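# An overview of the molecular structure
Single-letter residue listing:
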Amino acid sequence: MAQEDVFKKLVAHCKEYGFVFQSSEIYDGLGAVYDYGQNGVELKNNIKKYWWDSMVLLHDNVVGLDSAIFMHPTVWKASGHVDAFNDPLIDNKDSKKRYRADVLIEDLMAKYDAKVDKEVEKAAKRFGESFDEAMFRETNPRVQENLAKKEEIHQRFVKALNDNDLVELRQIIVDYEVVCPISGTKNWTDVRQFNLMFATEMGSTSEGAHKVFLRPETAQGIFVNFLNVQKTGRMKIPFGIAQIGKAFRNEIVARQFIFRMREFEQMEMQFFVAPGEELQWFEKWKETRMKWHKSLGLGDHKYRFHDHDKLAHYANAATDIEYEMPFGFKEVEGIHSRTDFDLSQHQQFSGKKISYFDPERNESYVPYVVETSIGVDRMFLSILAGSYCEEEVPGKDGKTESRVVLKLPPVLAPVKLAVLPLVKKDGLPELARSIVDDLKFHFNCQYDEKDSIGKRYRRQDAVGTPFCVTIDHQSAEDQTVTIRHRDTMAQERVKIADLKHLIMEKVSMTELFKKMQ
Ligand code: GAP
């Protein structure tokens, strides 16, 4: 199945099974704003807990914070967002559609990558087992030609970004004959900068309302609280402050479902270090964060680092962790070495001294910062994309049937256990409910007595429940149940008394964290 179709199915699945709904759907929706349904909110909360505990519980030098969405307007002047938090936009004059010029060029480069992959795929089929992919990539003239084209664009693109050269960005689009996907024409406007922050007014006009912004990142709440946390927590450098919260960006090109939203959630951690030690911490956090992603078991090959083509003026190193979405490798998390830029700017704009006295160095300095910043919604999308499977499985009378299953990492699954009485009589529902009542304090359980067992299994597969237990007449007699494993569909008879231990072993974050350490 084409990846585009997989993605469409995934989006439809999210709605059908209560994961993600379009915001204000009964009013035809609001662009790039989404709501999380009954299963979505559980998955999202589990992702946040997995992140929070891995930061705050596992590191004794990382503490949490929950700062307000509204901040003093000068914060955004100091941070550079008022002047420079822009996207380069371009319009197609025929379709009147607006695009991000940098995204058009990135998509163009991805097309050359796709051409190369196609050549490799064709050759792999032709040569079979004797195929040497590395050699083919190095020597095939068509592969080389496409790679050279891509590199040529890449060089121009990086230079244009670094020089802030909007004319050149447009010229790349013109030279490589990029067409508007809607009108199919190359009739482009100039490229312009557009600020992404949402503004609103605080206070009534009679008392002189002033303009405030909805925060475009949670990080600034951490920077302006640096001294509060450091002093009240008696924190010694190096230490980190972690925060989860909403952020808002007036994204112009809002597409790909929850990948690019106007209201979204971030999980950010700012790690404060001594000047000169930031690059070593940058490497350490790169490694820690990649391990965190890979521990979920979706496949190591699905992740890669992508170093930034253009470093922000305040950064001395930056990389993204990308995940292979159905629409290609895309950024899920950014890791940035932000130098002392943010704290120095806030020191300058607020007029308050922001520094740290280092007893080991016997000197005061403005700490340097290494940031890890991940979008909850993008993480959610990567988890769903990596878990969604359509399979042919053995059905009734020796026939096969298809099932849709979310092979979610058990620790993140919204429901861990479904308890299903075989029939709605003979005391089986009561026994099933007593099992739920006993286990619900340890993990999320669901009771379901509607429809045939087969249909109930399919419903649980579709929301990614890792375990189902069936209560039958034997259960009442010998206190055993049949447990069914989601991915293998294997079934086994186990004692009711053993259920808690058996399931906890697979769904507990503690167990996963122990393996990670
Ligand atoms: N404080 C640094 C910062 O905000 P960023 O690369 O702009 O850096 C960090 O954003 C992460 O936030 C991204 O890697 C992505 O996961 C998420 N993110 C950014 N914009 C988003 C959007 N419009 N919709 C969903 N997630 C977004």
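Residues numbered from 1 in each chain as written. Predicted model: local features only at pLDDT ≥ 70, side-chain atom pairs only at ≥ 80, totals over all residues. Heavy atoms only, no water.

## Quick notes on the overall build of the protein
This is how the line gets drawn: Only DSSP runs of H or I covering at least 4 residues are called helices, and only runs of E covering at least 2 are called strands; the numbering of each starts at the N terminus. Two things to know: the radius of gyration comes from C-alpha atoms, and the globule rule equals 2.2 Å times the number of residues to the power 0.38. The buried label goes to any residue with under 20% of its type's maximum accessible area, the exposed label to any with over 50%, and the partly exposed label to all in between, with areas taken from a 1.4 Å probe on protein chains only. Should any heavy atoms of two residues lie within 4.5 Å, those residues are considered in contact. Throughout, the Shrake-Rupley method with a 1.4 Å probe supplies accessible areas, and for residues the shown protein chains are the sole cover considered. A residue counts as positive if it is Lys or Arg and as negative if it is Asp or Glu; His and the chain ends are not included. In plain terms, the charge of a residue is placed at NZ if it is Lys, CZ if Arg, CG if Asp and CD if Glu.
The helix and strand tally for the protein stands at 18 helices and 23 strands. On C-alpha atoms alone, the protein measures out to a radius of gyration of 26 Å, which is about the 24 Å that the 2.2 N^0.38 rule sets for 517 residues. Projected onto its principal axes, the C-alpha positions of the protein cover 75 × 65 × 55 Å. Across the 517 residues in the protein, those meeting the buried criterion constitute 49%. Put simply, 65% of the contacts in the protein that link residues at least 6 apart link residues at least 24 apart. Summed over all atoms, the accessible surface of the protein reaches about 25,700 Å², with 50% contributed by carbon and sulfur. Put simply, the protein has 73 plus and 81 minus side-chain charges, and the middle of one group is 2 Å from the middle of the other.

## Overview of the side chain of D461
Rules: In protein, a polar contact requires one atom able to donate a hydrogen and another able to accept it; more generally it is a pair of N or O atoms within 3.5 Å, and residues adjacent in sequence count only if both atoms are side-chain atoms.
Topologically, D461 is positioned in helix α15 (residues 453-463). We classify D461 as buried; its relative accessible area is 0%. A polar contact of 2.9 Å, which involves the side chain of D461, links it to the side chain of R403. Leaving out residues up to four positions away in the same chain, D461 has contacts with R403, V404, V405, L406, R484 and R486.

## A word on the environment of H308
Along the polypeptide, H308 turns up in the loop between β11 (303-307) and β12 (317-325). For the pair formed by H308 and G37, sequence separation is 271 residues and the distance between their alpha carbons is 35 Å. When near neighbours in sequence (up to four residues on either side) are disregarded, H308 contacts A318, T319, D320 and H336. Within the structure, H308 has its side chain in polar contact with the side chain of D320 (distance 2.7 Å).

## With respect to the site of the ligand
Rules: Only a single heavy atom is needed: when it lies within 4 Å of a molecule or strand, its residue is near that molecule or strand. Three classes are used: nonpolar for Ala, Val, Leu, Ile, Met, Phe, Trp, Tyr, Cys and Pro, charged for Asp, Glu, Lys and Arg, and polar for all others, with Gly counted as polar.
With respect to spatial proximity, 20 residues lie near the ligand, and among them E217, E268, E331, V332 and E371 are the closest. Within the side chain of R249, a nitrogen or oxygen atom sits 2.9 Å from an oxygen atom of the ligand. The backbone of F259 places a nitrogen or oxygen atom 3.4 Å from a nitrogen atom of the ligand. The fraction of the free accessible surface of the ligand (560 Å²) that becomes covered by protein chains is 91%. Only β10 (263-273), β13 (328-339) and β16 (368-375) provide two or more residues apiece to the shell around the ligand. Looking at which element gives the most residues to the shell around the ligand, the answer is β13, with six residues. Residue composition of the shell around the ligand, grouped by class: five nonpolar, five polar and ten charged.

## Concerning the sheet that holds β10
The line we're drawing: The rule for pairing is simple: two strands pair if DSSP sees at least two bridges between them. A fitted line through C-alpha atoms represents every axis, and for helices the fit uses only the stretch in contact; the resulting angles, taken between N-to-C directions, go from 0 to 180 degrees.
In spatial order, the strands read β3-β9-β10-β16-β13-β12-β11; together these seven strands make up an open sheet with mixed pairing. The sheet is open, and its two borders are formed by β3 (62-65) and β11, each paired with just one other strand. Across the sheet, the mean angle from the axis of one strand to that of its neighbour is 25°, orientation sign disregarded. Across nine bridges, β12 lies against β13 in antiparallel orientation. Within the sheet, the bridge partner assigned to A318 lies in β13 and is H336. Lying on the sheet, helix α11 (residues 278-294) is in contact with β10, β11, β12, β13 and β16; it crosses β13 at an angle near 150°. Against the sheet, helix α13 (residues 376-387) makes contact with β10, β12, β13 and β16, and its axis sits at roughly 50° relative to β16, the strand it touches most.

## Some words on the environment of V174
Within the secondary structure, V174 sits in helix α8 (residues 166-175). The spacing of V174 and W188 is 14 residues in sequence and 8.0 Å in space, taken between C-alpha atoms.

## So, the packing of helix α5 (residues 101-127) against α8
Threshold: In these notes the angle categories are as follows: under 35 degrees is roughly parallel, over 145 is roughly antiparallel, 65 to 115 is roughly perpendicular, and the rest is oblique. Crossing chirality is assigned from the near helix's rotation relative to the far helix, an anticlockwise turn below a right angle marking it left-handed and a clockwise turn marking it right-handed.
Running from N to C, α5 and α8 cross one another at 40°; their axes reach a closest spacing of 10 Å. By the angle class used here, α5 and α8 are oblique. Seen from above, α5 lies across α8 with left-handed handedness. Across the interface between the two elements, A101, L104 and I105 of α5 pack against L169, I172 and I173 of α8. When its residues are assigned to classes, the contact of α5 with α8 shows six nonpolar, no polar and no charged.

## Here's the deal with the state of the cysteines
Any covalent bond linking the sulfur atoms of two cysteines counts as a disulfide. Which entries qualify depends on this criterion: Our working definition of a disulfide is a cysteine sulfur pair at a distance within 2.5 Å.
Counting across every chain of the model gives zero disulfides. Cysteine C14 remains unbridged, with the sulfur of C389 as its closest cysteine sulfur at 14 Å. Summary of cysteine pairing: C468 is not part of a disulfide, and the nearest cysteine sulfur, belonging to C445, is at 11 Å. Accessibility expressed as a relative area gives 2% for C468, which makes it buried.

## Some thoughts on the sheet that holds strand β5 (residues 98-100)
Strand pairing within a sheet occurs via backbone hydrogen bonds; the two strands may be parallel or antiparallel. Taken in spatial order, the three strands of this open sheet run β5-β4-β6, and their pairing is antiparallel. Both outer strands of the open sheet, β5 and β6 (192-195), are each paired with one neighbouring strand and no more. Ignoring which end each strand starts from, the neighbouring axes of this sheet average 45° apart. Two strands pair when backbone bridges link them, and strand β4 (residues 86-91) and β6 are joined in this way by four bridges, in the antiparallel orientation. Residue L89 lies in a different strand from β6, and its bridge partner there is R192. Packed on one face of the sheet, α5 meets β4 and β5 and runs near 70° to β5. Along the sheet face, α8 touches β4 and β6 and points at about 45° away from the line of β4.

It is worth stressing that arrangement in space is one thing and function is another; only the former is reported here.
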